[in-house]
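Descriptive analysis of the structure
Listed here are the chains, written in short residue letters.
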Amino acid sequence: MKKVCFFKLRRKTGDSGFEWFWEDLKPNQTPHISELITSLHNKGYSMELSNYDSINQDTSVVCVVECIDMDDIVFLDNLKKIFKLNYKKLFIELVTYDHQEVSVKFYDFCRAECDRELYFIDKNLIDVADDILYFDNHSFHVDMYVPHYLNEYKKINKWCRKFGKANKGLFLSGHIRFHKIQLLNFLYENNLLDENFLWSSTDEHWEPSLFNEFVPQSNENEFRNFKILERIPNMHDYDLFDKFKYNNYSFQVNHMHYFNSYFEVIPETQFYHREYLPGTKDTRKDWNNFSEKTLKALLMDHPFVMVSKVNTLKYLTDKFGFDISMDNWMHEYDTIENDSDRMNAIQSKLKNILSMSKSDLHDLYYEYFDSKDNYSIFVNNFYNASLTKIYNKF
Amino acid sequence: MKRVCFIRIIKKQSITHIDWQFQNVKPFELIAELPTSFCEGNYPIEIIDYNDLDSNTSLVVSLTSTDVNDAFHLDALKKVFNTNCKNIFIDLSTHDHQEIPIQIYEFCRMECNKELYFLDKNLIDVADDIIYYEQHMWHAINSVVPNRVLNNFKQLNDWEKPHIRSKKGLFLSGHIRFHKLELLNHFYEKGLLDENFIWSSTDETWEPESFRQFIPFDKEAEYRKFKILERIPHMPDFDFNQIKKQGGYSPNANIVHYLSTYFEIILETQFYHKDTNDYCSTRSDWNNISEKTFKAIRLGNPFIMVSKPNTLKLLKDKFGFDFEMKGWMHEYDSIQNDTTRMESIKNKIESVLQYDNLHDLYYEYFTHKFNNDIFIENFYNQTLNIIFNKF
């Protein structure tokens, strides 16, 4: 039986600035922030769970880091204290709090300070180093919520094969990140949006404090000239019961969007590489991750066009075996290194798809839907395989 | 075990003459909903061939025509009445006859000297020898909304509760009958159609030979002025695999429509009474419903009925259907005057479109109205029992 201790290193605001504290984690206690331990527990991985106070040299320690602040000396001191505990192996878990584009300085600091077997768990698809293990916390959520109704969805979708779908495409933009609004605007200015898409987007009033993270200052002039601004926010199924229940929320799949469209435009979090842009976090060229947006399309076996960093789909197919192409549904744009060229290729691709008749798209959609089983690939190669790799390291 | 023979009378037409022939009907054949229903329901029935009829056998004769002016047809019926059998059931439902001329009933009663019953789809109790039967009941359960699809729908519908639906109403017009286009045009001219409804309609090129039946001569001038004509045909989910596969078509329900809307406007075949003694004529003592209504009942969808007066009252009184709750009443249903009823329906729909609690109202109706159970027990099974007990 493997002994494992899961705890969080959390930050709160105290009288004299930020204070750091640890908190033991248990399976299923608060499932939204204990996805790894809950996944391992619920899937029957054999573990004896220890408290932080009873860690010893036989215990693997998984430390979930809430906030990565390399300028906070107290944070770094707390990390050092953890490195000095008496444990078997240490796993710095960066997934639960959805850390993306994590600075390499953080990894380097940990490697320098920790003198025992050390691993990182993050959601970077690119294999950067041997001590980094892949896990995506969204796996837990989609596997918890989607499968209950996936069969019903698939059966009704097959039943409705004889009926045309209302829209050609689905484009749920979510936050107003520059590349998303740029593409939305392209479709809008070419009169391709309303006619063809079920679409949504927030505007600047949705989390306004993050505006420059979404739209770097260097892009702001171009952004302000986008005609689509006159049409956003467009949030037709937001805010019914609470403001978090909107299209892109990972705990909910609005099946109607998938019933009513033949393909999805997946605008992932990052697209353009960014460095030294004021008010905006740098992106890493050796980092690529995807979100619940992609997982939903994969699980629903919905054809899609990916708006993300270069080679995202190559990683999904090479690393996990996802089956997302067929003869007449290819992703040539995916490998184009230059971001602007890739965006142009995506725009051409969309124009091309939209020039197809609904009847042809209908046949193409069902050819894709009937021939794919990405849910099985998700469960076996993506979710379970990631967990097994981590478990085997304990 | 009851002995029953099911036959149909069909017209055989050659260059030289027309003949009416008898054809045995077996369960699970096409257009054999009644024997199939009995068979699926495990009723103790022995199916007898027409040539083996005897005085212990009930004979069910489905008519493909109700033409009382065709002497050959009437002769064929007379032959039926002279057969040696226990009792006779003239089935006028299987071939979807509606607004049947009363002469056919009178002819049969006069010519038949045995125990005689009629099976038809008239909801109004006109005579004791007429038994209600609707062949669409079988289709509703087996192909329009099969149980497996219904169960999937219910689960998904529950799951979709947190999401606002894309449209308020569902308005599948089907054939261009005057009352349907009149209502569609009303909402179009008021700018309420596209914003609020998933809607569809054919136009004159869809079964053009029936145009005069859809639009009576005296309504044509008004019809030609409808602005909605510029927008039809509007068949967003028609014609994908074959021309007959359209949203309002009876073989299947487009479940996505029901997951995307909060209520349905059910446009039944007849609305305005017409006493013209021609093929447009309707009977004031006839009222029937179709697969359009069955879909809404099976799927627990709130609806507004555009049909003859008292359609919903008949469904409630005769079968116990429960279509009303606070916030969802059908006051218009009992209005006898067709024009006044149409105005009341227009007002009702406009009022519903202004509800700000349609989402909650929909789920309250969907959760508390169990009309599908009534459909199975009181409507389908009970109807079959009544017929079976007469055999």
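Because the structure is a prediction, the values reported are computed rather than measured.

Quick notes on the rules
- The residue numbers shown here count from 1 along each chain, following its written sequence.
- For naming, the first written chain is A and the first written ligand is 1, with later ones following in the order written.
- It should be noted that, the model being predicted, local features are given only for residues of pLDDT at least 70 and side-chain atom pairs only at 80 or more, the latter also being counted only at that level, while totals for whole chains, interfaces and linings use all residues.
- Numbering of helices and strands runs from the N terminus, with a helix taken as a DSSP run of H or I at least four residues long and a strand as a DSSP run of E at least two residues long.
- Exposed residues have 12 or fewer other C-beta atoms within 10 Å of their own C-beta, buried residues have 20 or more, and residues in between are partly exposed; the C-beta atoms are placed from the backbone.
- Think of it this way: build a C-beta for each residue from its backbone, and any pair within 7 Å is a contact.
- In this treatment the radius of gyration is a C-alpha quantity, and the globule benchmark scales as 2.2 Å times the residue count to the 0.38 power.
- Domain start and stop points were drawn from an automatic or database domain assignment.
- The pairing criterion for strands is at least two bridges between them, as found by DSSP.
- Here an axis means a line fitted to C-alpha atoms, over the contact stretch when the element is a helix, while the angle between two N-to-C directions is reported on a 0 to 180 degree scale.
- The scheme is simple: roughly parallel for angles under 35 degrees, roughly antiparallel for over 145, roughly perpendicular for 65 to 115, oblique for anything else.
- Two helices crossing with the near one rotated counterclockwise from the far one by less than a right angle form a left-handed crossing, whereas a clockwise rotation gives a right-handed crossing.
- As a working rule, the residues Ala, Val, Leu, Ile, Met, Phe, Trp, Tyr, Cys and Pro are called nonpolar, Asp, Glu, Lys and Arg charged, and the rest polar, with Gly in that last group.
- Residue-level confidence of the predictor is what pLDDT reports, using numbers from 0 through 100.
- Note on terminology: a nonpolar core is a set of buried residues of type Ala, Val, Leu, Ile, Met, Phe, Trp, Tyr or Cys, with members joined through C-beta atoms within 7 Å.
- To estimate how far a helix should extend, the number of its residues minus one is multiplied by 1.5 Å.
- By definition, the arc is the one covered by directions from the helix axis to the C-beta atoms.

Right, let's get into the overall build of chain A. Counting its secondary structure elements, chain A contains 15 helices and 11 strands. Projecting the C-alpha coordinates of chain A onto the three principal axes gives extents of approximately 65 × 45 × 40 Å. Burial analysis of chain A (394 residues in total) assigns 42% to the buried set. For chain A, the share of sequence-separated contacts (at least 6 apart) that also reach a separation of at least 24 residues comes to 78%.

The helix and strand tally for chain B stands at 15 helices and 11 strands. The C-alpha atoms of chain B give 22 Å as radius of gyration, which agrees with the globular expectation for 391 residues (21 Å, within 12%). With respect to the three principal axes, the spread of C-alpha positions in chain B is 65 × 45 × 40 Å. Split into buried and exposed, the 391 residues of chain B put 40% on the buried side. Pairs at least 24 apart in sequence give 78% of the contacts found in chain B among residues at least 6 apart.

A few words now on the domain arrangement of chain B. Looking at the assigned domains, one finds that chain B contains domain 1 (2-120) and domain 2 (144-374). Using C-alpha coordinates to define each centre, domain 1 of chain B is positioned 33 Å away from domain 2 of chain B.

With that out of the way, let us pick up the sheet that holds strand E8 (residues 169-172) of chain B. Residue and element names in this part refer to chain B. An order of E9-E8-E10-E11 is seen for the 4 strands of this open sheet, with the pairing classed as parallel. Looking along the sheet, the strands with just one partner apiece sit at the ends: strand E9 (197-200) and strand E11 (303-306). Here the average twist between neighbouring strands, direction ignored, is 15 degrees. Lying on the sheet, helix H11 (residues 291-298) is in contact with strand E10 (263-267) and E11; it crosses E10 at an angle near 160 degrees. Helix H13 (residues 338-353) contacts E10 and E11 of the sheet and is inclined by roughly 165 degrees relative to E11.

Turning next to the domain arrangement of chain A. Many descriptions give the size of an interface as the accessible area lost when the pieces come together. Residue and element names in this part refer to chain A. Along its sequence, chain A is carved into domain 1 (2-135) and domain 2 (144-383). Using C-alpha coordinates to define each centre, domain 1 is positioned 31 Å away from domain 2. Residue-level contacts link 7 residues of domain 1 with 10 residues of domain 2.

Once that is clear, we can look at the packing of helix H2 (residues 71-81) of chain B against helix H3 (residues 102-111) of chain B. Residue and element names in this part refer to chain B. Relative to each other, H2 and H3 sit at 40 degrees, their axes nearing to 10 Å. Taken together, the axis directions place H2 and H3 in an arrangement best described as oblique. Considering only the axes of H2 and H3, their crossing is right-handed. Contacts from Leu 74, Leu 77, Lys 78 and Phe 81 of H2 reach H3 at Phe 107, Cys 108 and Glu 111. When the residues that make up the contact of H2 with H3 are grouped by side-chain class, the tally is 5 nonpolar, no polar and 2 charged.

Let's shift gears to unusual backbone geometry. Backbone torsion omega between Ile 232 of chain A and Pro 233 of chain A reads 5 degrees, so that peptide bond is classified as cis. Here Pro 233 of chain A lies in the loop between helix H9 (217-224) and helix H10 (255-259). Of note, the bond from Ile 232 of chain B into Pro 233 of chain B is cis; its omega dihedral lies within 30 degrees of zero at 5 degrees. With respect to the helices, strands and loops of the structure, Pro 233 of chain B is situated in the loop between helix H9 (220-224) and helix H10 (255-260). In this model, Ile 31 of chain B sits at a positive phi of 50 degrees, which is unusual for a non-glycine residue. Looking at the element boundaries, Ile 31 of chain B is found in the loop between strand E2 (18-24) and helix H1 (33-40). For Ile 31 of chain B, a count of 14 C-beta atoms within 10 Å puts it in the partly exposed group.

Moving on: the confidence of the model for chain B. Caution is warranted with low-pLDDT regions, since their predicted coordinates should not be read in detail. Residues and elements named next belong to chain B. Per-residue pLDDT for chain B has a mean of 92; in total, 96% of the residues score no lower than 70. Counting interchain partners and residues more than four positions distant, the pLDDT-below-50 stretch residues 239-249 has 26 contacts. Confidence metrics for the complex model read pTM 0.87 and ipTM 0.82.

The subject of this paragraph is the nonpolar core. Counting residues in each nonpolar core, the largest one holds 151 residues, and the members touching the most others are Leu 184 of chain A together with Val 61, Ile 90, Ile 255 and Val 306 of chain B. For Leu 184 of chain A, the residues in contact, after removing those within four places along its chain, are Phe 171, Ser 173, Leu 193, Trp 199, Ser 201 and Ile 228 of chain A. Within the second largest apolar cluster, 32 residues are counted, among which are Val 4, Cys 5, Phe 91 and Cys 110 of chain A.

This paragraph deals with the pairing of strand E6 (residues 115-120) of chain B. Residue and element names in this part refer to chain B. Judged from the 5 bridges that link them, strand E5 (residues 87-91) and E6 form a sheet pairing that is parallel. Of the residues in E6, the one forming a bridge with Ile 88 is Leu 116. Both E6 and strand E7 (residues 130-132) contribute to a ladder of 3 bridges, which runs parallel. Looking at E7, one finds that Phe 118 is bridged to Ile 130.

All names here are of chain B. The side-chain alternation of E11 yields two buried faces, one formed by Phe 303 and Met 305 and the other by Ile 304 and Val 306. Pairing analysis gives 4 bridges linking E10 to E11, with the strands arranged parallel. Bridging across to E11, Ile 265 finds its partner in Ile 304.

With 95% of its residues at a pLDDT of 70 or more, chain A shows a mean pLDDT of 92. Across residues 239-248 of chain A, confidence stays below pLDDT 50; counting only partners more than four residues off in sequence or on other chains, it has 20 contacts.

So, about the sheet that holds strand E8 (residues 169-172) of chain A. All names here are of chain A. Strand order across the open sheet formed by 4 strands is E9-E8-E10-E11, with parallel pairing between neighbours. Two strands in the sheet have a free side with no partner beyond their single neighbour: strand E9 (197-200) and strand E11 (304-307). Pairs of neighbouring strands in the sheet enclose a mean axial angle of 10 degrees, with direction left out of account. By the bridge criterion, 3 bridges tie E8 to strand E10 (residues 263-267) in an arrangement that is parallel. Bridged to Gly 169 within E10 is Phe 263. Sheet strands touched by helix H6 (residues 178-189): E8, E9, E10 and E11. Its angle to E10, the strand with the most contacts, is close to 140 degrees.

Moving on, we get to H13 of chain B. All names here are of chain B. For H13, built from 16 residues, the straight-helix expectation of 22 Å at 1.5 Å per residue is met to within 8% by its first-to-last C-alpha distance of 23 Å. When we look at burial in H13, the residues that qualify are Arg 341, Ile 345, Ile 349 and Val 352. Projected down its long axis, H13 shows its buried positions confined to an angular sector of 75 degrees, all on one face. Structural note: H13 exposes Thr 339, Thr 340, Asn 347 and Ser 351 on the side pointing more than 90 degrees away from its buried face.

Residues and elements named next belong to chain B. Relative to the helices and strands, Gln 270 resides in the loop between E10 and H11. Note: C-alpha distance between Gln 270 and Val 126 (144 residues apart in sequence) is 18 Å. Those residues in contact with Gln 270, other than ones at most four positions away along the chain, are Thr 282, Ser 307 and Lys 308.

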